[in-house]
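One letter stands for each residue in the lines below.
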Amino acid sequence: MKTIKPVRVIAVTSGKGGVGKTNLSVNMGVALSQMGRRVALLDADMGLANVDILLGMSPQFNLSHVLKGEKNLHEIMLTGPAGLMVIPASSGIQHMSELSTIEQAGVIRAFSEIDKDLDVLIVDTAAGISATVVNFARACQEIIVVVCDEPTSLTDAYAYIKLLNRDYGLNNFHIVTNMVQSLQQGQNLFGKLTKVTDRYLDVNLQFTGAIPADDYLRKSVQKQCPVVEAFPQSKSALAFKNLARKVDLWPVKTRAGGYLEFFVERMIRYSSEEDVA
């Protein structure tokens, strides 16, 4: 009999692009891997997939090959720094609702097969509030919203949280402030967001961390190497490692049947609901 081991499934998302969401996903994933956790990163940005670019990878296959039954997840996954497993992006996941019942079962089984190999699945979504982005966030256990000190970033983050709260009943969000000059600036930025959400929404926002603006982070992008590996003592690398330690302490929510199966089942159901609507 298969032993069910809980897997922590985390969406990393944002209301707008350009806030460093994918860099956060990659560095948090590598930092967790360095701690001995078995981590997979699903590139769920179907329009501008760039996890592989940040890591200097050239994927030959992606999730569409799994959906078609041509490959299994183990065959498309790439191994990155510190053993981080990367699942390359695929436009095919946008059409989950079009899969037959047998094909849907195959996708669910594909994810359930990697349960035993994972402690954490990080889902790097696209920016914005498209149906695909929202569906990914709804299917995950935890949602990290990345914001930076720009009026449009805060406005779009509020709109995103409002949508998930009012339309889908999601109440808990982790906020990470990025590219800040100091921890105080990051906390002030979080305060601006909570001032609005506390007034108009029934949500619980948790300040999960602040990532400082850092030239070493820019240099690591140019090197196509995570800053936690390229410059491990830099300010941004230390902040990413601190973020990973916090995430590692979050309680893991368990479900009968295994969480990855549940994650994919919800993705299929939500995609189908969008088609009906």
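Right above here is the structure, for reference.
In this numbering scheme, every chain counts its residues from 1 along its sequence in written order. Local features in this predicted model are restricted to residues whose pLDDT is 70 or higher, and side-chain atom pairs enter the listing and the counts only when it is 80 or higher, whereas totals over whole chains, interfaces and linings include all residues. Side-chain metrics rest on all non-hydrogen atoms present in the structure, leaving aside hydrogens and water.

**Some details on the sheet that holds strand E2 (residues 39-44)**
Part 1 of the argument: Think of it this way: DSSP has to see at least two bridges between two strands before they count as a pair. Only DSSP runs of H or I covering at least 4 residues are called helices, and only runs of E covering at least 2 are called strands; the numbering of each starts at the N terminus. Here 8 strands make up an open sheet; going across it, the order is E3-E4-E2-E5-E1-E6-E7-E8 and the pairing mixed. Across the chains shown, the open sheet's two edge strands, defined by having one partner strand only, are strand E3 (78-79) and strand E8 (204-212).
Part 2 of the argument: As paired elements, E2 and strand E4 (residues 85-87) share 3 bridges and run parallel to each other. Looking at the pairing, leucine 42 lines up with isoleucine 87 of E4.
Part 3 of the argument: Contacts between helix H7 (residues 151-168) and the sheet are confined to strand E1 (8-13), strand E6 (142-148), strand E7 (172-180) and E8, with E6 contributing the most and set at about 160° to the helix.
Part 4 of the argument: Only heavy atoms enter the contact rule, under which two residues are in contact if any of them lie within 4.5 Å. Each axis is a line fitted through C-alpha atoms, taken for helices only over the stretch in contact, and angles between the N-to-C directions span 0 to 180 degrees. Here helix H11 (residues 235-248) sits on the sheet and contacts E1, E6, E7 and E8; the angle it forms with E8, its principal contact strand, is near 150°.

**A short note on the packing of H7 against helix H8 (residues 183-200)**
Part 1 of the argument: Close contact between H7 and H8 brings their axes to 11 Å; oriented N to C, the two are set at 40°. Between H7 and H8 lies a crossing whose hand is right-handed. Between H7 and H8, the residues in contact are Leu154, Tyr158, Ile161 and Arg166 and Leu189, Lys192, Leu193, Val196, Thr197 and Tyr200, respectively.
Part 2 of the argument: Polar here means any residue outside two lists: the nonpolar Ala, Val, Leu, Ile, Met, Phe, Trp, Tyr, Cys and Pro, and the charged Asp, Glu, Lys and Arg; Gly therefore counts as polar. Taken together, the residues of the contact of H7 with H8 sort by class into 7 nonpolar, 1 polar and 2 charged. Here a crossing is taken to be left-handed if its near helix is turned anticlockwise relative to the far helix by less than a right angle, and right-handed if that turn runs clockwise.

**Points about the pattern of salt bridges**
Part 1 of the argument: For this analysis, a salt bridge means a side-chain nitrogen from Lys or Arg found within 4 Å of a carboxyl oxygen belonging to Asp or Glu. This model, assessed by the stated rule, comprises 5 salt bridges.
Part 2 of the argument: Close ionic contact of glutamate 150 with lysine 16 constitutes a salt bridge, the shortest N to O distance being 3.5 Å. Of this pair, glutamate 150 sits in the loop between E6 and H7 while lysine 16 is found in the loop between E1 and helix H1 (21-34), placing the two residues 134 residues apart along the sequence.
Part 3 of the argument: Among the residues examined, glutamate 150 registers a relative accessible area of 32% and is labelled partly exposed.
Part 4 of the argument: Across the pair arginine 38 and aspartate 119 runs a salt bridge, and its minimum N-O distance is 3.3 Å. Note that arginine 38 is positioned in the loop between H1 and E2 and aspartate 119 in the loop between helix H5 (101-112) and strand E5 (120-125), a separation of 81 residues in sequence. Under the scheme applied here, a residue whose accessible area is under 20% of the maximum for its type counts as buried, over 50% as exposed, and between as partly exposed, the area being computed with a 1.4 Å probe on protein chains only.

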